[in-house]
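Residue-level structural notes
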Amino acid sequence: MTGNSAETAETRAGLLMAAPAVAGLLAFVLVPFGLAFGLALTDLRLGSPLPTRFVGVDPFVRVLTDPVFLRALLNNAVFAAVVVPVQTGLALLVALALDRPLYAMPVLRTLFFLPVVLPFVVVAVVWELIFAPGPAGPANALLGLVTLGGWAPVDWLHDTRYALGAMAVLSVWQGVGLQMVILLAGLQAIPRTLYEAARIDGAGPFSTFLHVTLPGLRNVLVFVVTVTTILAFRLFDQVRILTQGGPEDATTTALYEAVAAAFDRQQVAVGSAMTVVWFVLVLAVTAVVRRMARGRA
Amino acid sequence: MAPRPYAGAVVRHRIATKHALAALLAAALLVPAACTRKEADTPETPAQGEGTETVTVWFHTGRPAERDALQAQVADFNGRQDRYRVVLTLIPEGGYNAQVRAAALARDLPDLLDLDGPLLASYAWSGLLVPLDDLLPEATRADLIPSIVAQGTWPPGPGGRLYGAGTFDSGLGLFADRAALAAAEVRVPDATATAWTAEEFRAALAALAARDPDGQVLDLKRNYKGEWFTYAFSPLLASAGADLIDRKTLTAHGTLDSAAAVGAMTQVQSWIRSGYVDPNLDDAAFVRGRVALSWVGHWEYGRYHDTLGDRLAVLPLPDMGTGSRTGQGSWQWAVTAKAKSPEGAAAFLAYLLEPEQVLAMANANGAPPGTRAATARSPLYGPAGPLRLFAEQLGAASVPRPRTAAYPAITDAFQRAFADIASGADVKEALTRAAAAIDRDVADNHGYPVTVAP
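Residues numbered from 1 in each chain as written. Chains lettered and ligands numbered in written order. Predicted model: local features only at pLDDT ≥ 70, side-chain atom pairs only at ≥ 80, totals over all residues.

What follows is about the overall build of chain B. A count of helices and strands for chain B gives 18 helices and twelve strands. Burial analysis of chain B (454 residues in total) assigns 57% to the buried set. (Helix = DSSP H or I, 4+ residues; strand = E, 2+ residues; numbered from the N terminus. Buried ≥ 20, exposed ≤ 12 C-beta atoms within 10 Å, placed from the backbone.)

In structure tokens form, the structure reads like this:
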């Protein structure tokens, strides 16, 4: 009996402690989502004196048949498919390299983390210069040097073939520090005794990595992949500042289209429908990523 | 989320900081005003008698020179009469339009506010403004230059009322290095009527490029963002006999995707494709001497003149078939429908439109003055001024951006089409797509029927 009431008290305390977070989720995630869904069933327009009418699923039909929005979703998918493995892999490599007690290591780690804390506008200005067209642009010049002049200079941000790739490169550069820090923390949480046991068993560096490091990092990796996926689908700043979705929609994304619809063209209903579609898709992709990660265990 | 800058924003950001001539004049004009400003600016100004009415005014915080000029004007106005007392609120330009829209929802608008030109129709359509026809003195309205009247009138055409009045406008053209043109043996057209034809312009680019180490001779300010492209390149459509939309029927199909429009935009694309256009990432293509021609507005005059001196020429945009056309429009004042003191708002606006005040502001920001009287006396835009071409073009050869509440959708569609065309997309396809996007927005809004009695 006493155990039961203690459990009830514990449950009550738990609910009480969760209350602020739950209230926050309700107020800042669920309610806005509900509102967006509601708005997406109307023909609401910013500043229109005409009455707002309920139009049913029409905005959704329009959004899902809009070639530009479908292109935006495809861009999001391609971007995520490239950036998630590359960024996670790179972060793991850097974390492994930095996970040793060397002199001045904190300085090195800070350097790798620096791009994460730079305001995105600064990052964009720097990379816009790096991607400058013509043989004088640093990216073109570097490739020219590496290929001994065999590289024909391209206009990275204005060429449909390269624009999304350029976005991916600068996004990985800017974001990799965050994943690196999380993985570094994960690496340091793996008990040293496991490594000692592996060495006693005669395991080489590769097999230690495969059988000690990776399993020890599993949960952290699942987290990193999930977060990176969500961040990749959230792609917006780069697009807004550097390409405005162009050229020929090569770099547009779902969120960019939603903001352009709602605020640049004042079509709030269409913008809302886009965010609802985007949210459902991200939720689905995240669920799949988590399931895949679990299944492998 | 900052809303995209409209023309005024471009104007403010790009005006050269070292506008020596205008700055000097502004300083000379503002010194007396600045002396009185200290007292008048303090909120503790003693109440000026029983009948004093408070007039609330919102202004976007533009460049410091503009802001200082307006603050001096407020102090001067409050000091010279005691019927009205103007209380000025400065709102950051980044979120200005969004804040005004939000205030409108909360029924909290001031008596008088300033708006970026192409947004006026959208505000008037929303019923947020009252016409100025009966508020402003006849003489003040008659003194406004035609382009200011056109930009402030809604709906366009007969039956339109004046909803906005700007104290300054904007000027757009080609700035050129005379020495480079002479060396390439290119004719220098310095009047609208003698503008280069499309073929002449292409030949000029080729001749200049032949003498240029990297072949890049033209700056289109491709480094600018947003509204710039509609402001600067939609006049080419008009010059070719096309337009962004058919201004009578509000339809884009058949106009924006017409053969004339495709032809004009194909020309622009060919300049870029031929390698004549500097990407101008550092915004210094012209002042560093990398290019001989810069397609830009009045705001660059100061910086360019500092660099080139007498070698600087101001030319009209090329004629794409039906005569050279240019852009117009900047920030303008409007009285709100909820104004508690519309008469007070109008009195302050009438004061701002007095020749001395128009000149004070125009000299502070280098823009073309909004009234005839001030233009005649302007050192930059007067009969002997170096920028008189811009003053002559306003109203005569300038095209207001479409004065319809569909403008946000129109400019969004055109900007995308322009970016695609500039990066090599099929011109006809890009313009057809833009036209379809505009027509769909107009249909969604039931053709933007005028619901407010004008």
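After that view, the rundown keeps rolling.
Right, let's get into the overall build of chain A. When its secondary structure is counted, chain A shows twelve helices and zero strands. Principal axes of the C-alpha set define a box for chain A whose edges measure 80 × 75 × 30 Å. Looking at the 297 residues of chain A, the share that counts as buried comes to 34%. Taking as baseline every contact in chain A between residues at least 6 positions apart, the subset at least 24 positions apart corresponds to 67%. (Contact = placed C-beta atoms within 7 Å.)

All names here are of chain B. Strand order in the open sheet formed by five strands is β2-β1-β3-β12-β4, with mixed pairing between adjacent strands. Bordering the open sheet on either side are β2 (84-92) and β4 (129-130), each of which pairs with just one other strand. Pairing analysis gives nine bridges linking strand β1 (residues 53-61) to β2, with the strands arranged parallel. The residue bridging Val-55 from the neighbouring strand is Val-86, located in β2. Each of β1 and β2 touches helix α3 (residues 64-80); the most contacted strand, β2, lies at about 165 degrees to it. (Pairing = 2+ DSSP bridges. Axes fitted to C-alpha atoms, helices over the stretch in contact; angles between N-to-C directions.)

A word on the pairing of strand β3 (residues 112-116) of chain B. A regular strand carries its side chains on alternate faces of the sheet. All names here are of chain B. The buried fraction of β3 amounts to five of the five residues, a majority that puts the element mostly inside the structure. Residue alternation in β3 divides its side chains into two sets, Leu-112, Asp-114 and Asp-116 and Leu-113 and Leu-115, and both sets are buried. Inspection of the sheet shows β1 paired to β3 by two bridges, in the parallel sense. In the strand pairing of β3, Val-57 is matched with Leu-112. Here β3 pairs with strand β12 (residues 331-336) via five bridges, running antiparallel. When the bridges of β12 are listed, Asp-114 appears paired with Trp-333.

Right, let's get into the interface of chain B and chain A. Listed by partner, the interface residues are 24 residues for chain B and 23 residues for chain A. Listing elements by their share of the side of chain B that touches chain A, those giving two or more residues are α5 (120-125), α17 (407-422) and α18 (427-444) of chain B. No other element matches the six residues that α17(B) contributes to the side of chain B that touches chain A. A class-by-class count of the residues in the side of chain B that touches chain A yields ten nonpolar, seven polar and seven charged. (Nonpolar A, V, L, I, M, F, W, Y, C, P; charged D, E, K, R; others polar.)

Let's shift gears to the sheet that holds strand β11 (residues 312-315) of chain B. Taken together, the five strands give an open sheet; going across it, the order is β9-β8-β10-β7-β11 (chain B), and neighbouring strands pair in mixed fashion. A single partner strand is all that each edge strand has here, and the edge strands are β9 (277-278) and β11 of chain B.

Turning our attention to the nonpolar core. Formed by 139 residues in total, the largest nonpolar core has its most connected members in B:Val335, B:Phe348, B:Leu349, B:Leu431, B:Ala434 and B:Ile438. It is α17(B) that contributes the most residues to this core, ten residues altogether. Formed jointly, this core draws a minimum of three residues from each of two domains, domain 1 (7-169 + 329-386) and domain 2 (172-326 + 396-454) of chain B. In contact with B:Ile438, other than residues within four places in its own chain, are B:Ile245, B:Ala252, B:Leu256, B:Ala406, B:Ala409, B:Ile410 and B:Ala413. Core analysis: the next-biggest nonpolar cluster, separate from the first, contains 60 residues, A:Ala36, A:Trp156, A:Leu170 and A:Ala262 among them. (Core = buried A, V, L, I, M, F, W, Y, C linked by C-beta atoms within 7 Å. Domains from an automatic or database assignment.)

A few words now on unusual backbone geometry. Residues and elements named next belong to chain B. A cis amide bond links Trp-154 to the next residue, Pro-155, at an omega of -10 degrees. The topology assignment puts Pro-155 in the loop between β5 (153-154) and β6 (161-162). Phi at Asn-280 takes a positive value of approximately 55 degrees, unusual for a residue other than glycine. Structurally, Asn-280 can be placed in the loop between β9 and β10 (293-297). A count of 21 C-beta atoms within 10 Å places Asn-280 in the buried class.

A few words now on helix α10 (residues 228-239) of chain B. Residue and element names in this part refer to chain B. Compared with an ideal rise of 1.5 Å per residue, which puts twelve residues at 16 Å, α10 spans 18 Å between its outermost C-alpha atoms and is within 8% of the ideal. Burial analysis of α10 places twelve of its twelve residues in the buried class, the great majority of the element. Considered for burial, the residues of α10 that qualify are Trp-228, Phe-229, Thr-230, Tyr-231, Ala-232, Phe-233, Ser-234, Pro-235, Leu-236, Leu-237, Ala-238 and Ser-239. (Expected span 1.5 Å × (residues − 1).)

Before going further, it helps to examine the packing of α10(B) against α17(B). Residue and element names in this part refer to chain B. In the contact formed by α10 and α17, the axes pass within 9 Å of each other and the chain directions differ by 80 degrees. Judged by the inter-axis angle, α10 sits roughly perpendicular to α17. The segment α10 lies against α17, with Phe-229, Thr-230, Phe-233 and Ser-234 engaging Thr-411, Phe-414, Gln-415 and Phe-418. (Parallel < 35°, antiparallel > 145°, perpendicular 65-115°, else oblique.)

All names here are of chain A. Relative orientation of the contacting elements helix α7 (residues 163-188) and helix α9 (residues 205-233) amounts to 165 degrees, with a least axis distance of 9 Å. By the criterion of interaxial angle, the relationship of α7 to α9 is roughly antiparallel. Helix-helix and strand crossings are classified by hand; for α7 and α9 the assignment is right-handed. Between α7 and α9, the residues in contact are Gly-175, Gln-179, Ile-182, Leu-183, Gly-186 and Leu-187 and Leu-217, Val-220, Phe-223, Val-224, Thr-228 and Leu-231, respectively. Looking at the contact of α7 with α9, its residues break down into eight nonpolar, four polar and no charged. (Left-handed = near helix turned anticlockwise from the far one by under 90°.)

Before going further, it helps to spend a moment on the environment of A:Val288. Mapped onto the elements of the fold, A:Val288 is located in helix α12 (residues 268-296). Remark: the alpha-carbon pair of A:Val288 and A:Leu108, spanning 180 residues in sequence, is separated by 35 Å.

A low pLDDT score tells you not to read the predicted coordinates there in detail. Here chain A averages 88 in pLDDT, while 98% of its residues score no lower than 70. Per-element confidence in chain A is highest for helix α3 (residues 67-98) of chain A, whose mean pLDDT is 93, and lowest for helix α4 (residues 105-117) of chain A, whose mean pLDDT is 86. (pLDDT = per-residue confidence, 0-100.)

What follows deals with the confidence of the model for chain B. Residues and elements named next belong to chain B. Per-residue confidence for chain B averages 87 on the pLDDT scale, and 88% of its residues sit at or above 70. When mean pLDDT is compared element by element in chain B, strand β8 (residues 218-219) scores highest at 97, while helix α1 (residues 7-14) scores lowest at 38. In the model, residues 1-48 has pLDDT below 50 throughout and makes 96 contacts with residues more than four positions away in sequence or in other chains. For this predicted complex, the interface score ipTM comes out at 0.78, while the overall pTM is 0.83.

Attention now goes to the environment of B:Ala337. Summarising the element assignment, B:Ala337 is placed in the loop between β12 and α13 (342-352). As for B:Ala337 and B:Leu129, which are separated by 208 residues in sequence, their C-alpha atoms are 4.6 Å apart.

Next up on the list: the pairing of strand β7 (residues 172-177) of chain B. Residue and element names in this part refer to chain B. Within β7, six of the six residues are buried, which leaves the element mostly enclosed by the surrounding structure. As paired elements, β7 and β10 share five bridges and run antiparallel to each other. Across the sheet, the residue bridging to Leu-174 is Trp-295, located in β10. Inspection of the sheet shows β7 paired to β11 by four bridges, in the antiparallel sense. Paired with Ala-176 across the two strands is Ala-313, which belongs to β11.

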